[in-house]
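Here's the letter readout for the chains.
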Amino acid sequence: MKSYNLHAVDDLRYEEVDLPELQKDWVLVKVMASGICSSDIPRIFKKGTYHFPTIPGHEFSGLIVKTYDEEHQDLLGKRVGVFPLIPCNKCCQCQQGKYEMCENYDYIGSRRDGAFAEYVAVPEWNLIELPDTISYEEAAMLEPLSVALHAVKRAGDIQNCKVGIVGTGMIGFAAAEWAAAYGAKKVYVIGRNSEKKKYLSSNDKIMYINKMEEIKCPECDLVIEAVGSNSSIEMAINMVNSGGRIVLMGNPEGDIHLRQDVYWKILRKQVQIAGTWNSSYEKRARSDWSEAVQALADKRICVSNLISHCLPKSDLRTGLDIMREHKESYCKVMVRWDEDK
């Protein structure tokens, strides 16, 4: 099969590799669409994966084409999204059903071969079936959509709150959609590029603010930080009201340092700060993933407007370069694996 195989840092090769081997309770998924996550950029070009070679890609959807044995034959032909974290099922977090905090997890696309390929091996437990009303592109966004939902839930009740989202990546925009759906009075997406405004939905609760043009960002009851930089965290602390809440979601780009006067604001405002990590998933119970699927099916959440680029599989490198070099505005860069035009 064709795949983008990472042999070393900044050594990604489009090449033929063997089909993945299956084990008990695993299936083979034909990848139909895969999104490029912002975390894939440092993973491919700076930090590497946990071993080489590895096929990256953890945001994807596809079609089940093979099972290990007859036990799961009824899954053949099913359209699926995939929770990429494979829990150990042994640690104390797994025993409590908090799989996103598993202490010994495996992960599709970083610790094992992922979805920048025509096929990927997936545990049956990690599959979430898709209704026909959800496209493969939308389903490939279930992972960041669920991560954004998890962050909003970590904030608690936000009914009639003013919510600020610092960051204009796909997850930031998705968090804005969820905040509006969960009853926020007004949602402000804070960025530094007015071109990003075009990725907003038509929801009149959501407003884009260019921090480079505005003199002062609005004060908010809740701020979700979706970048992971010193300046964005400082902005979140400055924006939040006294007694307000901050949810830190952005993956840090390096060490985080706060000036003394900024740290004082956390204390003097009595700010509540929560971290968030990944998303909740349970095979046959309500979770962030099942709620995200339902919201897409019901059109309660719209994500198609967040797809800025949809490329054939042969152009995946183009998508990586767009994100790495920031030569043009982008939100979610999507790759279709069922066509090569």
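Structure: above.
All of the points below concern the structure found in this document.

Conventions and cut-offs
- The residue numbering used here restarts from 1 in each chain and proceeds along that chain's sequence as written.
- For a predicted model such as this one, the threshold for reporting local features is a pLDDT of at least 70, and the threshold for listing and counting side-chain atom pairs is 80 or more; totals across whole chains, interfaces and linings nevertheless cover every residue.
- The side-chain quantities take in all heavy atoms of the structure and omit both hydrogens and water.
- Throughout this description, the term salt bridge denotes a Lys or Arg side-chain nitrogen within 4 Å of a carboxyl oxygen of Asp or Glu.
- Secondary structure follows DSSP: runs of H or I at least 4 residues long count as helices, runs of E at least 2 residues long count as strands, and numbering of each begins at the N terminus.
- Only protein chains enter the accessibility calculation, which uses a 1.4 Å probe; a residue whose area is less than 20% of its type maximum is buried, one above 50% is exposed, and one in between is partly exposed.
- For this analysis, a ring pair means two rings from Phe, Tyr or Trp (six-membered ring only for Trp) whose centres lie within 6.5 Å, classed as stacked if their planes differ by under 30 degrees, edge-to-face if by over 60, and tilted for the remaining angles.
- Residues are treated as being in contact if the distance between any of their heavy atoms lies within 4.5 Å.

## Topic: the pattern of salt bridges
Summed over all chains, the structure comprises 19 salt bridges. Here Glu124 makes a salt bridge to Lys283, at a shortest N to O gap of 3.6 Å. One end of the pair, Glu124, is in the loop between strand S8 (119–123) and strand S9 (127–129); the other, Lys283, is in the loop between strand S15 (272–275) and helix H8 (288–297), with 159 residues separating them in the sequence. Owing to a relative accessible area of 13%, Glu124 belongs among the buried residues under this scheme.

## Here's the deal with the packing of aromatic side chains
The geometry of an aromatic ring pair is captured by the separation of the ring centres together with the interplanar angle, meaning the angle of the planes. As enumerated under the stated definition, the model contains 10 aromatic pairs in all. With 4.4 Å between their ring centres and 20° between their planes, Tyr4 and Tyr14 make a pair best called stacked. Of this pair, Tyr4 sits in strand S1 (residues 2–8) while Tyr14 is found in strand S2 (residues 11–16), placing the two residues 10 residues apart along the sequence. In this structure Tyr4 comes out as buried when scored by relative accessible area, which is 1%. Of the residues examined, Tyr14 reaches a relative accessible area of 28% and is grouped as partly exposed. An angle of 15° between the planes, with centres 4.6 Å apart, marks the rings of Phe83 and Tyr281 as stacked.

## Considering the environment of Leu22
With respect to the helices, strands and loops of the structure, Leu22 is situated in the loop between S2 and strand S3 (26–36). Setting aside its immediate chain neighbours within four residues, Leu22 contacts Val27, Leu28, Lys66, Thr67, Tyr68 and Ala121.

## Some details on unusual backbone geometry
Going from Phe52 to Pro53, the amide bond is cis rather than trans, its omega being -5°. You can see Pro53 is positioned in the loop between helix H1 (40–47) and strand S4 (59–67). We note that Asp10 has phi near 60°; this positive angle belongs to a residue other than glycine. Asp10 sits in the partly exposed class, given a relative accessible area of 48%. The phi dihedral of Asn89 is positive, around 65°, even though this residue is not glycine. Asn89 gets classed as partly exposed once you look at its relative accessible area, which sits at 45%.

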